[in-house]
Amino acid sequence: MTIEMLWAQDDPTEVLRDRFGFANAEAVGDWATSTVERHWGLRVGSPERVVISDSNALAWLRSGDERLLLKWSVAPDRFDRLAFAATVTASLGALGLPVSTPVPTLADEVQVTSDRVSMGLQRVIEGSHPNVEDPDQVRAAGAMLARLHDALHEHPLRNSPSEFLSVPAPLTEQIAGWVSSNPSTLSPDARDVLGRMLKQASANLPSVQIVQGDYRAANILCVGSAVVGVLDFEELRLDHRIVELARSAVMLGTLFRDWGPVSASVRQQFLDGYQTVQALTDAERQWWPVLVLWYSLALVPPGDDPMGWGQAAIDVLDEQTAR
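Conventions used here
- Residues numbered from 1 in each chain as written.
- Predicted model: local features only at pLDDT ≥ 70, side-chain atom pairs only at ≥ 80, totals over all residues.
- Heavy atoms only, no water.
- Helix = DSSP H or I, 4+ residues; strand = E, 2+ residues; numbered from the N terminus.
- Buried < 20%, exposed > 50% of the residue type's maximum accessible area, 1.4 Å probe, protein only.
- Contact = heavy atoms within 4.5 Å.
- Areas by Shrake-Rupley, 256 points an atom, 1.4 Å probe, with all protein chains shown as cover.
- Lys, Arg positive; Asp, Glu negative; His and termini not counted.
- Charge placed at Lys NZ, Arg CZ, Asp CG, Glu CD.
- Axes fitted to C-alpha atoms, helices over the stretch in contact; angles between N-to-C directions.
- Parallel < 35°, antiparallel > 145°, perpendicular 65-115°, else oblique.
- Left-handed = near helix turned anticlockwise from the far one by under 90°.
- 1 Å grid on protein atoms, 1.4 Å probe; cavity = no way out; pocket = protein on both sides within 12 Å on 5 of 7 lines; lining within 4 Å.
- Points joined across faces, edges and corners; volume = space filled by probe spheres on them.
- Nonpolar A, V, L, I, M, F, W, Y, C, P; charged D, E, K, R; others polar.
- Pairing = 2+ DSSP bridges.
- Salt bridge = Lys/Arg side-chain N within 4 Å of Asp/Glu carboxyl O.
- Phe/Tyr/Trp six-rings, centres within 6.5 Å; stacked < 30°, edge-to-face > 60°.

Caption draft 1: Representation of the overall build of the protein chain within the structure. Looking only at helices and strands, the protein chain features 10 helices and 10 strands. The principal-axis extents of the C-alpha atoms in the protein chain amount to approximately 60 × 40 × 40 Å. Split into buried and exposed, the 323 residues of the protein chain put 51% on the buried side. Contacts spanning at least 24 positions in sequence make up 71% of the contacts within the protein chain whose residues lie at least 6 apart. With the model as given, the accessible surface of the protein chain reaches about 15100 Å², and the carbon-plus-sulfur share is 49%. Here the protein chain holds 26 positive side-chain charges and 42 negative ones, and the gap between their average locations is 2 Å.

Below, the structure is given as structure tokens:
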């Protein structure tokens, strides 16, 4: 069994002990196998791999010829969100969308909490993260986001947890607030261009709805030119479709420790794919360049910039000033 960190550089064995309470790999393996048998009635072998991210962990298991993924969290403030995300994911799976549908427990629950741990079980989807240099995969990813948005638009909001499905502030207010915070990476030219664009953007956007919340390469799986899996709905929130579309276009190429920008052509391919399923409204078309510029500027790190986010933001700014 391998134990590793998804993002951080911490010692995974120490994190496993200090954050999750397991003395060693054998202990987490015993817990995972007994937990799956107790709640799902499935006999599984010891985990092949355990990956840790913050207060969450994932274990890859095998039951006969079937590969399964046990995901659990020890952060109680996330439990309601995880339960809601599992319910939404199950409903998307029932519609035939390629999501990591939860396996129901023996008690027919899609997310279970026991001994201060919230957990869910999924079937592993085989595929590779999209290559942003492959236009077919990029367009397919855009089209899949539109399909998800269509399905999520129909999900009932009544009785949904309000603490993470609150209505966001108006976009103009959000962006103006960010500008007024005086980010150290925001140049005077970028401030002026973004300000002019904000004044021209329409206020008549379609209403907010549930969106996926973290749609980018790390959470998409492809086989050939087809999207076969969309993973991790734990950041579900209310927002405008165009906001997620623009954010995803800017961040599409980001993987786990590979966090770099994409080119203008990739963003356009992603948008084109989206519009094969759902055309933008006039107001959304006005907001697209504003939001692409905002997210590009917001992702520029202070100090060292080994991935080139600063140059990418300059390129986006140049695109807008050339119009």
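Caption draft 2: Geometry of the packing of helix α5 (residues 171–180) against helix α6 (residues 188–200). Running from N to C, α5 and α6 cross one another at 165°; their axes reach a closest spacing of 11 Å. Taken together, the axes of α5 and α6 lie roughly antiparallel to each other. When you trace α5 past α6, the crossing you get is left-handed. Between α5, through Thr172, Ile175, Ala176, Trp178 and Val179, and α6, the contact on the second element is made entirely by Arg191, Leu194 and Leu198.

Caption draft 3: Inspection of the layout of surface pockets at higher detail. Estimates place the volume of the second largest pocket at around 250 Å³. Lining the second largest pocket we find Val193, Arg196, Met197, Gln200, Ala201, Arg285, Gln286, Pro289, Val290, Gln320, Thr321 and Arg323. If you list the elements that add at least two residues to the lining of the second largest pocket, you get α6, α9 (282–298) and α10 (309–321). Its residues placed into classes, the lining of the second largest pocket shows 5 nonpolar, 4 polar and 3 charged.

Caption draft 4: The arrangement of empty space enclosed by the protein in detail. This model, assessed by the stated rule, comprises 1 cavity of 30 Å³ or more. Val250, Pro261, Val262, Arg267, Ser296, Trp309, Ala312 and Ala313 together form the lining of the largest cavity. Looking at which element gives the most residues to the lining of the largest cavity, the answer is α10, with 3 residues.

Caption draft 5: Summary view of the sheet that holds strand β5 (residues 112–114). One open sheet accounts for 6 strands, arranged β1-β2-β3-β4-β6-β5; its pairing is mixed. For this open sheet the edge positions go to β1 (2–5) and β5, each flanked by a neighbour on one side alone. Mean inter-strand twist for the sheet, computed between neighbouring axes without regard to direction, equals 25°. Together, β1, β2 (49–53), β3 (56–63), β4 (66–73), β5 and β6 (117–123) form the strand contacts of helix α2 (residues 25–40), whose direction differs from that of β6 by roughly 75°.

Caption draft 6: Seen up close, the pattern of salt bridges. Considering all chains together, one arrives at 16 salt bridges under this definition. Here Arg67 ties to Glu126 by a salt bridge, and the two come within 3.0 Å at their closest N and O atoms. Residue Arg67 is found in strand β4, and its partner Glu126 is found in the loop between β6 and α4 (135–153); the two are separated by 59 residues along the sequence. With a closest N to O distance of 3.2 Å, Arg78 and Glu235 form a salt bridge. With Arg78 in the loop between β4 and α3 (79–94) and Glu235 in the loop between β9 (226–230) and β10 (237–239), this pair connects stretches of sequence that are 157 residues apart.

Caption draft 7: Here's a closer look at the packing of aromatic side chains. The full count for this structure, using the stated rule, is 5 aromatic pairs. On the basis of an interplanar angle of 80° and a centroid distance of 6.4 Å, the ring pair of Phe20 and Trp72 is categorised as edge-to-face. Remark: Trp72 occurs in strand β4 and Phe20 occurs in helix α1 (residues 12–20); sequence separation between them is 52 residues. Here Phe20 and Trp72 have matching classes, each one buried. On the basis of an interplanar angle of 35° and a centroid distance of 6.3 Å, the ring pair of Tyr215 and Phe270 is categorised as tilted. Linking Tyr215 in the loop between β7 (209–211) and β8 (220–223) with Phe270 in helix α8 (residues 264–275), this pair joins segments that are 55 residues apart in sequence. Residue classification places Phe270 among the buried residues on the basis of a relative accessible area of 0%. The rings of Phe20, Phe22, Trp31 and Trp72 are connected pair by pair, giving a single aromatic cluster.

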